[in-house]
Structure formats: structure tokens, C-alpha cells
Amino acid sequence: MAEPVGYGRVTWWEIPVPDLEKSKAFYGPVFGWTFQNFGGTYEMIHAEGEMIGALDASRQGSTGDGVALYFSVADLEDTLARVVANGGSVVTDRVEIGGDMGWSAVFRDPDGFRIGLWTGTPAKEDAGS
């Protein structure tokens, strides 16, 4: 899997929603988006045939968290260590996304904002597998 051009760029985003059907009925006509379910409470957003983001109904109290951004990084574990060393906290360690789409992790910055990370690089201990 090839990394996108440049680390530290937004590679994915999610809009937290309390009701998928209501949100699809709103965003579809407003932006011309189409949707594809990816696991019950998660709908991939497509614009002009390209997958661009998602609606996520899985987070409790999600509307207060706002849009989730995912930044591309070379090494999830190294980046999460730097998050903690600089006053942030890890919400979710490395998780395989599935479908050969790489891995993600989530942290909160010192102000409590939820930020996601993405990589196409396996964990160092998994690299030889």
C-alpha cells in the first residue's frame, strides 16, 4: 500500500452523527454525496465516484466532538509516543481498518480535541509478517 504524498496531511475525515438516515437525507441532497455502509453505524461518503470521508454514528455524545480529522504519519507508535510526551492522551491504539486500507489510531490533544492518525505502514513487529 502506497502512502499518500506527504505526511502530516489530512487523509480522512468523519462527521459524527446521531442518526445515519437523517444525516444521509440531509448531506446527500446538499452536496450530491452517495453513501456505502461499512459496518452498521458507519457510512462511507462518495463524491463524484471518489470515497472522501464518512458519517459515523458510533461515538456516544458524538455531536460535541465535531468533525474527526485523520492525519497521515509514517509510524503510528512513534507519533502516539510523541503525543503523550507532549501532553496529549491516546484514545485508541493501532487498529487495522480492513480491506487493505491501512491502520488508524486516535488521540486527544492537551485541549481535549479528538484527532485521528492514519498509516499504510505495518507496526514494526508486524513488518516481517
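For the structure, see preceding data.
Residues numbered from 1 in each chain as written. Predicted model: local features only at pLDDT ≥ 70, side-chain atom pairs only at ≥ 80, totals over all residues. Heavy atoms only, no water.

### Considering the environment of Gln 36
Here Gln 36 lies in strand S2 (residues 34–37). Along the sequence, Gln 36 and His 46 sit ten residues apart, while their C-alpha atoms lie 7.8 Å from each other. Ignoring anything within four residues of it in the chain, the contact list for Gln 36 reads Tyr 42, Glu 43, Met 44 and His 46. A distance of 3.2 Å separates a polar atom in the side chain of Gln 36 from a polar atom in the side chain of His 46. (Helix = DSSP H or I, 4+ residues; strand = E, 2+ residues; numbered from the N terminus. Contact = heavy atoms within 4.5 Å. Polar contact = N/O pair within 3.5 Å; in protein donor to acceptor, adjacent residues only side chain to side chain.)

### What to know about the packing of aromatic side chains
Tallying each qualifying case throughout the model produces six aromatic pairs. Each ring, one from Tyr 27 and one from Trp 33, has its centre 5.4 Å from the other, and the planes form 20 degrees; the classification is stacked. We note that Tyr 27, like Trp 33, is buried. Taken together, the aromatic side chains of Trp 13, Phe 26, Tyr 27, Phe 31 and Trp 33 make up a single cluster linked through ring pairs. (Phe/Tyr/Trp six-rings, centres within 6.5 Å; stacked < 30°, edge-to-face > 60°. Buried < 20%, exposed > 50% of the residue type's maximum accessible area, 1.4 Å probe, protein only.)

Any functional reading would require information that these geometric values do not contain.
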